[in-house]
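For reference, the chains in residue letters:
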Amino acid sequence: MDGYGGLGGERPGLRESATRHALLPLRLFLGVTFIYAGIDKLTQSGFFSATGSGSVGEMMRGVRDSSAIPALVDLALKSPAGFGYAIAIGELAVGLGALFGLLTRIAALGGALISLSLWLTVSWQATPYYYGNDLPYLMAWLPLVLAGAPTFSLDAVLADRRRRMR
(Lines give C-alpha, C1' and ligand atoms only; values in the text may rest on other atoms or scores of the structure.)
Protein backbone atom coordinates (compact mmCIF):
# COMPACT_ATOMS: atom_id res chain seq x y z
CA MET A 1 0.00 0.00 0.00
CA ASP A 2 1.16 3.52 -0.67
CA GLY A 3 0.59 6.71 1.24
CA TYR A 4 -2.67 7.30 -0.61
CA GLY A 5 -4.36 4.16 0.72
CA GLY A 6 -4.07 2.32 -2.60
CA LEU A 7 -1.65 0.30 -4.62
CA GLY A 8 0.71 1.59 -7.27
CA GLY A 9 0.80 5.27 -6.27
CA GLU A 10 -2.62 6.21 -7.61
CA ARG A 11 -4.17 9.31 -6.14
CA PRO A 12 -7.59 8.99 -4.58
CA GLY A 13 -10.28 9.35 -7.20
CA LEU A 14 -8.17 8.47 -10.25
CA ARG A 15 -9.69 5.01 -10.53
CA GLU A 16 -13.17 6.41 -9.93
CA SER A 17 -12.62 9.08 -12.57
CA ALA A 18 -11.43 6.48 -15.10
CA THR A 19 -14.47 4.34 -14.33
CA ARG A 20 -16.85 7.30 -14.66
CA HIS A 21 -15.41 8.21 -18.08
CA ALA A 22 -14.85 4.66 -19.36
CA LEU A 23 -17.61 4.79 -21.98
CA LEU A 24 -16.54 8.15 -23.42
CA PRO A 25 -14.11 6.73 -26.03
CA LEU A 26 -16.74 4.22 -27.17
CA ARG A 27 -19.37 6.95 -27.39
CA LEU A 28 -17.08 9.21 -29.41
CA PHE A 29 -16.05 6.41 -31.78
CA LEU A 30 -19.62 5.27 -32.42
CA GLY A 31 -20.87 8.83 -32.77
CA VAL A 32 -18.24 9.86 -35.31
CA THR A 33 -18.51 6.55 -37.19
CA PHE A 34 -22.29 6.68 -37.54
CA ILE A 35 -22.26 10.38 -38.51
CA TYR A 36 -19.67 9.55 -41.18
CA ALA A 37 -21.72 6.55 -42.40
CA GLY A 38 -24.88 8.64 -42.66
CA ILE A 39 -23.17 11.51 -44.49
CA ASP A 40 -21.38 9.05 -46.77
CA LYS A 41 -24.70 7.52 -47.83
CA LEU A 42 -26.37 10.91 -48.27
CA THR A 43 -23.57 12.21 -50.48
CA GLN A 44 -22.80 9.06 -52.48
CA SER A 45 -24.10 9.38 -56.00
CA GLY A 46 -26.41 6.55 -56.96
CA PHE A 47 -26.75 5.07 -53.46
CA PHE A 48 -30.50 5.70 -53.29
CA SER A 49 -31.19 4.13 -56.68
CA ALA A 50 -33.08 0.87 -57.07
CA THR A 51 -30.48 -0.41 -59.54
CA GLY A 52 -26.90 0.24 -60.51
CA SER A 53 -23.47 -0.19 -59.06
CA GLY A 54 -23.27 0.95 -55.44
CA SER A 55 -27.04 1.34 -55.08
CA VAL A 56 -28.94 0.22 -52.01
CA GLY A 57 -31.28 -1.75 -54.27
CA GLU A 58 -28.44 -3.79 -55.78
CA MET A 59 -26.92 -4.37 -52.35
CA MET A 60 -30.23 -5.64 -50.95
CA ARG A 61 -30.85 -7.89 -53.95
CA GLY A 62 -27.33 -9.26 -53.53
CA VAL A 63 -27.90 -10.30 -49.90
CA ARG A 64 -31.57 -11.33 -50.11
CA ASP A 65 -31.03 -15.09 -50.39
CA SER A 66 -28.26 -15.23 -47.78
CA SER A 67 -29.89 -13.04 -45.12
CA ALA A 68 -31.35 -14.38 -41.90
CA ILE A 69 -34.63 -12.57 -42.54
CA PRO A 70 -35.34 -12.39 -46.29
CA ALA A 71 -38.72 -10.76 -45.54
CA LEU A 72 -36.86 -7.76 -44.10
CA VAL A 73 -34.88 -7.46 -47.33
CA ASP A 74 -38.08 -7.79 -49.35
CA LEU A 75 -39.57 -4.94 -47.32
CA ALA A 76 -36.52 -2.78 -48.08
CA LEU A 77 -36.77 -3.68 -51.77
CA LYS A 78 -40.33 -2.30 -51.95
CA SER A 79 -38.78 1.15 -51.64
CA PRO A 80 -34.99 1.04 -51.87
CA ALA A 81 -34.67 4.82 -51.81
CA GLY A 82 -36.94 5.08 -48.75
CA PHE A 83 -34.97 2.35 -46.98
CA GLY A 84 -31.68 4.01 -47.91
CA TYR A 85 -32.82 7.40 -46.62
CA ALA A 86 -34.15 5.81 -43.41
CA ILE A 87 -30.80 4.13 -42.76
CA ALA A 88 -28.74 7.22 -43.66
CA ILE A 89 -30.84 9.66 -41.61
CA GLY A 90 -31.06 7.12 -38.78
CA GLU A 91 -27.28 6.74 -38.72
CA LEU A 92 -26.84 10.50 -38.73
CA ALA A 93 -29.34 11.03 -35.87
CA VAL A 94 -27.90 8.17 -33.82
CA GLY A 95 -24.35 9.43 -34.37
CA LEU A 96 -25.21 12.98 -33.35
CA GLY A 97 -27.07 11.75 -30.27
CA ALA A 98 -24.11 9.61 -29.21
CA LEU A 99 -21.47 12.22 -29.98
CA PHE A 100 -23.21 15.02 -28.08
CA GLY A 101 -24.70 12.75 -25.44
CA LEU A 102 -28.26 13.86 -26.11
CA LEU A 103 -30.97 11.27 -25.45
CA THR A 104 -28.05 8.88 -25.41
CA ARG A 105 -29.91 5.73 -24.39
CA ILE A 106 -32.49 6.28 -27.13
CA ALA A 107 -29.75 7.04 -29.68
CA ALA A 108 -27.84 3.93 -28.60
CA LEU A 109 -30.97 1.82 -28.90
CA GLY A 110 -31.43 3.21 -32.41
CA GLY A 111 -27.81 2.38 -33.22
CA ALA A 112 -28.25 -1.13 -31.86
CA LEU A 113 -31.39 -1.65 -33.95
CA ILE A 114 -29.69 -0.38 -37.11
CA SER A 115 -26.72 -2.66 -36.44
CA LEU A 116 -29.01 -5.61 -35.70
CA SER A 117 -30.99 -5.13 -38.90
CA LEU A 118 -27.80 -4.83 -40.96
CA TRP A 119 -26.31 -7.90 -39.27
CA LEU A 120 -29.42 -9.99 -39.99
CA THR A 121 -29.48 -8.87 -43.62
CA VAL A 122 -26.26 -7.49 -45.10
CA SER A 123 -23.55 -9.22 -43.06
CA TRP A 124 -25.37 -12.41 -42.05
CA GLN A 125 -23.54 -14.52 -44.67
CA ALA A 126 -20.08 -13.69 -43.24
CA THR A 127 -18.33 -16.90 -42.22
CA PRO A 128 -17.20 -17.24 -39.53
CA TYR A 129 -19.75 -14.91 -37.99
CA TYR A 130 -17.15 -12.64 -36.41
CA TYR A 131 -15.96 -11.51 -39.85
CA GLY A 132 -19.20 -9.58 -40.23
CA ASN A 133 -18.80 -5.95 -39.17
CA ASP A 134 -22.33 -5.26 -37.91
CA LEU A 135 -22.35 -7.66 -34.95
CA PRO A 136 -19.49 -5.89 -33.12
CA TYR A 137 -21.29 -2.57 -33.63
CA LEU A 138 -24.43 -4.08 -32.13
CA MET A 139 -22.46 -5.24 -29.08
CA ALA A 140 -20.70 -1.86 -28.80
CA TRP A 141 -24.02 -0.01 -28.58
CA LEU A 142 -25.34 -2.13 -25.70
CA PRO A 143 -23.23 -0.55 -22.89
CA LEU A 144 -24.51 2.86 -23.97
CA VAL A 145 -28.10 1.57 -23.96
CA LEU A 146 -27.54 0.43 -20.36
CA ALA A 147 -25.44 3.31 -18.99
CA GLY A 148 -26.23 6.30 -21.17
CA ALA A 149 -23.75 9.19 -21.12
CA PRO A 150 -23.27 10.29 -17.53
CA THR A 151 -20.34 12.64 -18.25
CA PHE A 152 -19.35 15.14 -20.94
CA SER A 153 -22.84 15.06 -22.40
CA LEU A 154 -25.89 17.20 -22.90
CA ASP A 155 -27.81 14.56 -20.93
CA ALA A 156 -25.57 15.28 -17.90
CA VAL A 157 -25.98 19.05 -18.31
CA LEU A 158 -29.77 18.71 -18.47
CA ALA A 159 -29.84 16.34 -15.48
CA ASP A 160 -27.70 18.77 -13.46
CA ARG A 161 -30.02 21.64 -14.39
CA ARG A 162 -33.06 19.62 -13.29
CA ARG A 163 -31.39 18.81 -9.95
CA ARG A 164 -30.59 22.46 -9.28
CA MET A 165 -34.14 23.57 -10.08
CA ARG A 166 -35.63 21.35 -7.37
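Residues numbered from 1 in each chain as written. Predicted model: local features only at pLDDT ≥ 70, side-chain atom pairs only at ≥ 80, totals over all residues. Heavy atoms only, no water.

Here's the deal with the pattern of salt bridges
Between side chains of opposite charge, a pair can form as their charged atoms come close. Definition in use: Put simply, a salt bridge is a Lys or Arg side-chain nitrogen that is within 4 Å of an Asp or Glu carboxyl oxygen. Secondary structure elements follow DSSP: runs of H or I of four or more residues count as helices, runs of E of two or more count as strands, with numbering from the N terminus. When accessible area is computed with a 1.4 Å probe and restricted to protein chains, residues below 20% of their type maximum are described as buried, those above 50% as exposed, and intermediate ones as partly exposed.
Scanning all chains against the criterion turns up 6 salt bridges. For R61, the salt bridge is made with E58, and the minimal N-O distance between the two is 3.2 Å. Remark: E58 and R61 occur in helix α3 (residues 56-63); sequence separation between them is 3 residues, near one turn of the helix. The class for R61 is partly exposed, based on a relative accessible area of 38%. Among the charged side chains, a network of salt bridges with common partners joins R64, D65 and D74.

Comments concerning the confidence of the model for the protein
Which entries qualify depends on this criterion: A residue's pLDDT is the confidence the predictor assigns to it, expressed on a 0 to 100 scale. The contact definition used throughout considers only heavy atoms, calling two residues in contact when any of these lie within 4.5 Å.
The predicted model of the protein averages 92 in pLDDT, with 93% of residues at 70 or higher. Between residues 1-6, whose pLDDT stays under 50, and residues either more than four places distant or in other chains, the model counts 10 contacts.

So, the packing of helix α2 (residues 24-43) against helix α7 (residues 134-147)
This is how it is decided: Structural elements are reduced to axes, namely lines fitted to C-alpha atoms, with helices fitted over the stretch in contact, and the angle between N-to-C directions of any two is expressed from 0 to 180 degrees. Under this scheme an angle from 65 to 115 degrees is roughly perpendicular, one under 35 degrees roughly parallel, and one over 145 degrees roughly antiparallel; angles in between are oblique. In this scheme the crossing of two helices becomes right-handed for a clockwise turn of the near helix relative to the far one and left-handed for an anticlockwise turn of less than a right angle. Charged means Asp, Glu, Lys or Arg here, nonpolar means Ala, Val, Leu, Ile, Met, Phe, Trp, Tyr, Cys or Pro, and polar covers whatever is left, Gly included.
Look at α2 against α7: their axes get within 10 Å of each other, and the N-to-C directions meet at 125 degrees. One way to sum up the angle between α2 and α7 is to call them oblique. Crossing of α2 over α7 shows left-handed handedness. When α2 is examined against α7, the residues L26, R27, F29, L30, T33 and F34 are found in contact with a partner set consisting of Y137, A140, W141, P143 and L144. By residue class, the composition of the contact of α2 with α7 is 9 nonpolar, 1 polar and 1 charged.

A look at α2
The following threshold applies: In a helix, the anticipated span is given by 1.5 Å times the number of residues less one. When we speak of the arc, we mean the arc of directions from the helix axis to the C-beta atoms.
Between its terminal C-alpha atoms α2 stretches 28 Å, which fits the 28 Å expected from 20 residues at 1.5 Å a residue. Considered for burial, the residues of α2 that qualify are R27, L30, G31, F34, I35, A37, G38 and K41. Within α2, the buried residues cover an arc of 160 degrees as seen down the axis, which keeps them to one side. Of the exposed residues in α2, the ones pointing more than 90 degrees away from its buried face are P25, Y36 and T43. For α2, the secondary structure elements touched by its buried residues are α5 (80-100), α6 (104-121) and α7.

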